[in-house]
Amino acid sequence: MAAVVSVINLKGGVGKTTTTVAVAQMLAGPFGRRVLVVDLDPQTNATVMLMGERAWAAQNAAGLTVAHLFRDALSGGGRFDLRRAILPGVGGVGEVDGLALLPSSLELIEIQEQLSSMPRGEFYAANPVEILRHALQPVLHEFDWVLVDCPPSLGIVTFNGLRMSRGYVMPTIPDVLSTYGVPQIMRRVRMFGDAFDTRIEPLGIVVNKYRAQSTVHNAQLHALVAASPAPIFRTIVPESNDVAGAAEFRPVSTLRQKWGARTYEAYRDLTAEILQRVEYGA
Ligand SMILES: Nc1ncnc2c1ncn2[C@@H]1O[C@H](COP(=O)(O)OP(=O)(O)OP(=O)(O)O)[C@@H](O)[C@H]1O
Ligand SMILES: [Mg+2]
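Because the structure is a prediction, the values reported are computed rather than measured.

J.: Give me the overall build of the protein chain: which residues, what numbers.
T.: Looking only at helices and strands, the protein chain has 14 helices and six strands in total. Relative to its length of 282 residues, the protein chain is compact, with a C-alpha radius of gyration of 18 Å against a globular reference of 19 Å. Referenced to the eigenvectors of the C-alpha coordinate spread, the extents of the protein chain come out at roughly 55 × 40 × 35 Å. Evaluated residue by residue, the protein chain yields a buried proportion of 54% over its 282 residues. In the protein chain, the proportion of contacts linking residues at least 24 apart, taken out of those at least 6 apart, comes to 79%. For the protein chain, the exposed area adds up to about 12600 Å²; of that, 52% sits on carbon and sulfur atoms.

If you want it as structure tokens, here you go:
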């Protein structure tokens, strides 16, 4: 069964999508795992990074996105073709095969609202936070890892991701506003897990966009390490211009070309840490 991990933070722009895509590519590339990325964000950033805008438009028009999965569930289910919606071989990096994507859609915005007023069914058997878990159950054995890129909120859609996850990773920028609220998010996730008698493990905080020359970044990093409510990954991802380039869907041969040498090494090391924590419990 796949290890399912969500990438979350209430704060926008801290690197959730970048972390999801980079770690997924490292897992599928150098670490040779079979990986599925699930894009739960109506902003569709991970989707566009991994398949490009043109291919996404066709997929969206064909009704083969996570938004259509939710819509189908809301209308009783049974018509959504999950196997056609999951696209194999995405990312456009020659040396990486084994990376698949369940794309998102802008239409997820409206569906989010409908989910909160979904009829609960007889004996409250239908729960809107269980939709994704139930839908993906039949394909989980086909992957070693599922990474879920979540929107910057802790709403019903993010909870769908967390519900099927054994743990979560939280990217943050080491500044005051970005690290503010981390304990509250962790508490909320713990309470959510408790409601289902499951543990959703805080795998760790990823310090991202770190600037070594910044006094604020260094002070905040220090404060995080001293009093973090969650483990912090040893690997720190520096701020780098290469990351903006990597967001563009442009076929390349290697991950080093895609991310640039320094960022490649950071994400490879971070991925090794995540693997270690999840597959070996270390
Ligand atoms: N290490 C980095 N160095 C430089 N730029 C970065 C780095 N990580 C992310 N970025 C850039 O910062 C922006 C936000 O990153 P990203 O989209 O990954 O954040 P996010 O948390 O997913 O945002 P949202 O909350 O909107 O989903 C993007 O333009 C991305 O290219
Ligand atoms: Mg994002």
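J.: Hey, could you go over the nonpolar core for me, with residue numbers and the actual values?
T.: Core analysis: the largest hydrophobic core is formed by 52 residues, its most contacted members being V38 and L102. If one sorts the elements of this core by residue count, helix α10 (residues 182–195) sits on top with five residues. Beyond its immediate stretch of four places on either side in the chain, V38 contacts V66, L102, L132, L136, V146, L147, V148 and D149. Counting residues in hydrophobic clusters, the runner-up holds 41 residues, among them V5, A24, V37 and W259.

J.: A description of the environment of T263 should follow, citing residues and the corresponding values.
T.: Here T263 lies in helix α14 (residues 261–279). With relative accessibility at 0%, the residue T263 sits in the buried group. For the pair T263 and V146, spaced 117 residues apart in sequence, the C-alpha to C-alpha distance is 22 Å.

J.: Could you give an account of the site of ligand 1, naming the residues involved and the relevant values?
T.: Within the structure, ligand 1 sits among 17 residues, and K16, T17, T18, N208 and S240 are positioned closest to it. Taking V14, its main chain carries an N or O atom lying 3.1 Å from an oxygen atom of ligand 1. Contacts to ligand 1 include P238, whose backbone N or O atom sits 3.0 Å from a nitrogen atom. Against a free-state accessible area of 630 Å², the protein chains account for coverage of 80% of ligand 1. Assessed atom by atom at 2 Å from the grid points, ligand 1 resides in the largest pocket. Here the shell around ligand 1 is composed, by residue class, of five nonpolar, eight polar and four charged.

Reading guide: rules and limits
- Residues numbered from 1 in each chain as written.
- Chains lettered and ligands numbered in written order.
- Predicted model: local features only at pLDDT ≥ 70, side-chain atom pairs only at ≥ 80, totals over all residues.
- Heavy atoms only, no water.
- Helix = DSSP H or I, 4+ residues; strand = E, 2+ residues; numbered from the N terminus.
- Rg over C-alpha atoms; globule rule 2.2 N^0.38 Å.
- Buried < 20%, exposed > 50% of the residue type's maximum accessible area, 1.4 Å probe, protein only.
- Contact = heavy atoms within 4.5 Å.
- Areas by Shrake-Rupley, 256 points an atom, 1.4 Å probe, with all protein chains shown as cover.
- Core = buried A, V, L, I, M, F, W, Y, C linked by side-chain atoms within 4.5 Å.
- Near = heavy atom within 4 Å.
- Polar contact = N/O pair within 3.5 Å; in protein donor to acceptor, adjacent residues only side chain to side chain.
- 1 Å grid on protein atoms, 1.4 Å probe; cavity = no way out; pocket = protein on both sides within 12 Å on 5 of 7 lines; lining within 4 Å.
- Sits in = over half its atoms within 2 Å of the grid points.
- Nonpolar A, V, L, I, M, F, W, Y, C, P; charged D, E, K, R; others polar.

Taken by themselves, the reported measurements are silent on function.
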